[in-house]
Amino acid sequence: MGHKQIRPGLLLQQRTRSAEYPTPPAEDADLIRRVNADPVAYAQLWCGRWLWRKQREVLDSIRLNKKTAVASGHGVGKSEIGGIAASWWMPTHPSGMIVTTAPTERQNVKILWARIRTLHALAARKRIRLPSGAVLDSGLGGELLIKEWKFAPDWFGVAVSAKQPENFAGWHADGGVLMIIEEASGVSDSVYEVANACVTGTKDRMLAIGNPTKPTGYFHSIWHNSTVMEQWHRIHMSCEDLTADDRKKIPGLVGEQWIKDLEKEWGRESDIFRVRALGLFPRGVGMILMQMDDICYAMARDDLSEALTELKPEDPRPIVGIGVDCSRGGEDEFVITRFVGEVQTHMETYVGDETSDSALMRKRVQDFYHKHGADIIGMDTLGLGGPIFDELKDLNYPVDSFVANAKPEEEPTAQATFCDLKTEAYYIVAMDVKERLIQLIEDDKLLGQLHDQPYEWKNGLMRVLSKEDRRRKLMKSPDRAEAVMICRWAQRRHMRALIEGPKGLNIVGYNTT
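Residues numbered from 1 in each chain as written. Predicted model: local features only at pLDDT ≥ 70, side-chain atom pairs only at ≥ 80, totals over all residues. Heavy atoms only, no water.

A. Structural view of the overall build of the protein chain. Regarding its fold elements, the protein chain presents 19 helices and 18 strands. Evaluated residue by residue, the protein chain yields a buried proportion of 55% over its 513 residues. Nonlocal contacts in the protein chain, meaning residues at least 24 apart in sequence, comprise 69% of its contacts between residues at least 6 apart. Element-wise, carbon and sulfur atoms account for 51% of the exposed surface of the protein chain, whose accessible area totals about 22,500 Å². (Helix = DSSP H or I, 4+ residues; strand = E, 2+ residues; numbered from the N terminus. Buried < 20%, exposed > 50% of the residue type's maximum accessible area, 1.4 Å probe, protein only. Contact = heavy atoms within 4.5 Å. Areas by Shrake-Rupley, 256 points an atom, 1.4 Å probe, with all protein chains shown as cover.)

Next comes the structure, spelled out in structure tokens:
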């Protein structure tokens, strides 16, 4: 004889305004109450998710505390926390609401809300046997869309943009509001000001979670300002907190080798290791061109690449550039990268003995060009780059020579501001990053190299360190960052040639037709 079925909605109280559900048997009531009240139990029972101890700690804090802040390392399962919190909150809080946000649409919708949909699908298929012997399904329902989950007019979840603080005004719900702020370091203070005003009720909760990428702002104040600190329960999640058992049970968590490689590359005291591995805030802004928070934003976005796919034939065509930074042997990399307009689309790296073979590296550049296409190829022509440039020039490839110690090019202010062309070109990239005009490939080495660009003032002029300076200081060669810098320089040069003509720009292969 089969077990009786209790129909959807009983366990998670997912009652519509018209449906009626039976009262659970007494022996099942304790389990029902526990899962309704406990997101950890929800995750384990309905989604089959095993959570490591820091994930459980955060979810417990959401249950117990009005405001929870989490500063985390990379790859420790923080998006899973937000997804579980939202998935649990919606069906267990009738007339409740979730509001999620993040610095970019990709982080908010394509990562967090994708996780919510995955967990919803898992729970919707699950069946459990209660102590009474009854078999229960979750009854998860409502209308789950790309960035919205609707049960009733006063019972829903929504993803909103963090770009306009007014998006957060007026969110209140009788069943309680759960506010989730992903990549919380990159969200503006004005958003926090409005969001805080939405979580004033006894049932309301807020979760602010992310890599601590910025040594300023409200998220930083949660850990460093006594007035703000007392309002939040704070949790720290380091990659080094993970155990081998955690990684075995939860696929996708950051590996131990990644942590060792990052430490070897940058050292434990570097900002990139502090932020990415240890979940600690960078030490300070310092005299560096690019802040980590701005670089992380450029690597997290995908709206600029999506805009490229929507270009119409009559729209202006973006300049396509290739940047090549040639290896100088040892551990240095030979890097080829490509930008379409403001979007970095490809990057290839080579290291080892083969990088000293100019014929082989020339072929790499040729193959990359013919595979991906470009209007201009910017090349570092010092050392190995010289003969490669000469050969490509003889073959009539559209190459342009970048000489790091040449004079700045853009008149008149550049020559009164920058010590050399390399500093000018890096500053242009820094402004692209700071003004959030650029989209970069997500790559830890590139992130570290762009951030690790100290500058100094010499005779009143700004100067970034040369590769030779960096070697003397035992600093790594920033080959990936150099390729990006050279590519952006070449794109600007090509644009000037299109506007002003090629005179004086010495761009090989430039064609006015």
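B. Region of the structure containing helix H10 (residues 256–266). The complete set of buried residues in H10 reads Ile 259, Leu 262, Glu 265 and Trp 266. Each buried residue of H10 lies within a common arc of 130° when the element is viewed along its axis, so the set occupies one face. Those residues of H10 that are exposed and aimed more than 90 degrees away from the buried face are Gln 257 and Lys 264. On its buried face, H10 sits against helix H9 (244–249), helix H11 (271–278) and helix H17 (444–451). Within two residues after H10, Gly 267 carries a phi angle of roughly 90°, on the positive side. (Arc of directions from axis to C-beta.)

C. Layout of the confidence of the model for the protein chain. Residue-level pLDDT values for the protein chain average 86, and 90% of them are 70 or greater. This model gives residues 507–513 a pLDDT under 50, and the stretch forms 19 contacts once residues within four places in sequence are excluded. (pLDDT = per-residue confidence, 0-100.)

D. Focus on the pattern of salt bridges. All told, the structure shown has 33 salt bridges when counted by the stated rule. Of the charged contacts, one joins Arg 106 and Glu 442 as a salt bridge, the two residues approaching to 3.1 Å between their closest N and O atoms. Taken together, the residues Arg 106 in helix H5 (residues 105–125) and Glu 442 in the loop between helix H16 (421–434) and H17 connect sequence positions 336 residues apart. For Glu 442, a relative accessible area of 47% translates into the label partly exposed. A salt bridge links Glu 354 to Arg 364; its shortest N-O distance comes to 3.2 Å. Here Glu 354 is found in the loop between strand E14 (343–351) and helix H14 (358–372), whereas its partner Arg 364 is found in helix H14, with 10 residues between them in sequence. (Salt bridge = Lys/Arg side-chain N within 4 Å of Asp/Glu carboxyl O.)

E. View of the sheet that holds strand E7 (residues 148–152). Pairing is mixed in the open sheet, where eight strands are placed in the order E6-E7-E8-E3-E9-E10-E2-E11. Where the open sheet ends on each side, the last strands, each with one partner, are strand E6 (143–144) and strand E11 (233–237). As defined by bridge partners, strand E3 (residues 97–101) adjoins strand E8 (residues 155–159) across four bridges and the pair is classed as parallel. Counted as the bridge partner of Ile 98 is Gly 157 from E8. (Pairing = 2+ DSSP bridges.)

F. The packing of aromatic side chains, seen in detail. Under the definition given, this model contains 12 aromatic pairs. Centroid distance Phe 156 to Trp 171: 6.1 Å. Interplanar angle 65°. Geometry classified as edge-to-face. A residue pair is termed long-range when its members are at least 10 positions apart, and Phe 156 in strand E8 and Trp 171 in the loop between E8 and strand E9 (177–182) qualify at 15 residues. As far as burial versus exposure is concerned, Phe 156 and Trp 171 are alike and both buried. With 5.1 Å between their ring centres and 50° between their planes, Phe 418 and Tyr 427 make a pair best called tilted. Site record: aromatic cluster; members linked through ring pairs are Trp 149, Phe 151 and Trp 155. Here the basic side chain of Arg 436 rests over the ring of Tyr 297, its NZ or CZ set 4.1 Å away from the ring centre. (Phe/Tyr/Trp six-rings, centres within 6.5 Å; stacked < 30°, edge-to-face > 60°. Lys NZ or Arg CZ within 6 Å of the ring centre and 35° of its normal.)

G. Region of interest: a nonpolar patch on the surface. On the surface, a nonpolar cluster with roughly 300 Å² of combined accessible area is contributed by Met 495, Leu 498 and Ile 499. For Ile 499, the location among the structural elements is in helix H19 (residues 479–500). With relative accessibility at 65%, the residue Ile 499 sits in the exposed group. (Patch = residues over 30% accessible without salt bridge, like charges linked within 9 Å, V, L, I, M, F, W, Y side chains within 5 Å.)

H. Main features of the packing of H17 against H19. One way to put it is that H17 packs onto H19 with a least axis distance of 7 Å and a crossing angle of 75°. Between H17 and H19, the angle is such that the two are roughly perpendicular. Each of Lys 445, Leu 446, Gln 449 and Leu 450 in H17 lies in contact with H19, whose residues at this interface are Asp 479, Arg 480, Ala 481 and Val 484. Across the contact of H17 with H19, the residue classes break down as four nonpolar, one polar and three charged. (Axes fitted to C-alpha atoms, helices over the stretch in contact; angles between N-to-C directions. Parallel < 35°, antiparallel > 145°, perpendicular 65-115°, else oblique. Nonpolar A, V, L, I, M, F, W, Y, C, P; charged D, E, K, R; others polar.)

I. Representation of the environment of Trp 457 within the structure. Within the secondary structure layout, Trp 457 lies in strand E17 (residues 455–458). Aside from chain neighbours lying at most four places away, what touches Trp 457 is Met 287, Thr 417 and Met 462.

J. Structural view of the pairing of E8. Extensive coverage of E8 is indicated by the burial of five of its five residues. Neither face of E8 is exposed, since Trp 155, Gly 157 and Ala 159 on one face and Phe 156 and Val 158 on the opposite face are all buried. Relative to E8, E7 runs antiparallel, the two being bridged by four bridges. From the neighbouring strand, Glu 148 faces E8, where its bridge partner is Val 158.

K. Representation of the packing of H11 against H17. Running from N to C, H11 and H17 cross one another at 140°; their axes reach a closest spacing of 10 Å. Between H11 and H17 the crossing geometry is right-handed. Residues Asp 271, Ile 272 and Arg 276 of H11 form the contact with H17, whose participating residues are Asp 444, Leu 447, Gly 448 and His 451. Classifying every residue of the contact of H11 with H17 gives two nonpolar, two polar and three charged. (Left-handed = near helix turned anticlockwise from the far one by under 90°.)

L. How the structure looks around unusual backbone geometry. Within the chain, Ser 95 stands out as a residue other than glycine whose phi angle is a positive 60°. On the secondary structure map, Ser 95 appears in the loop between helix H4 (78–92) and E3. We classify Ser 95 as buried; its relative accessible area is 15%. For Glu 183, which is not glycine, the phi torsion reads 45° and is therefore positive.

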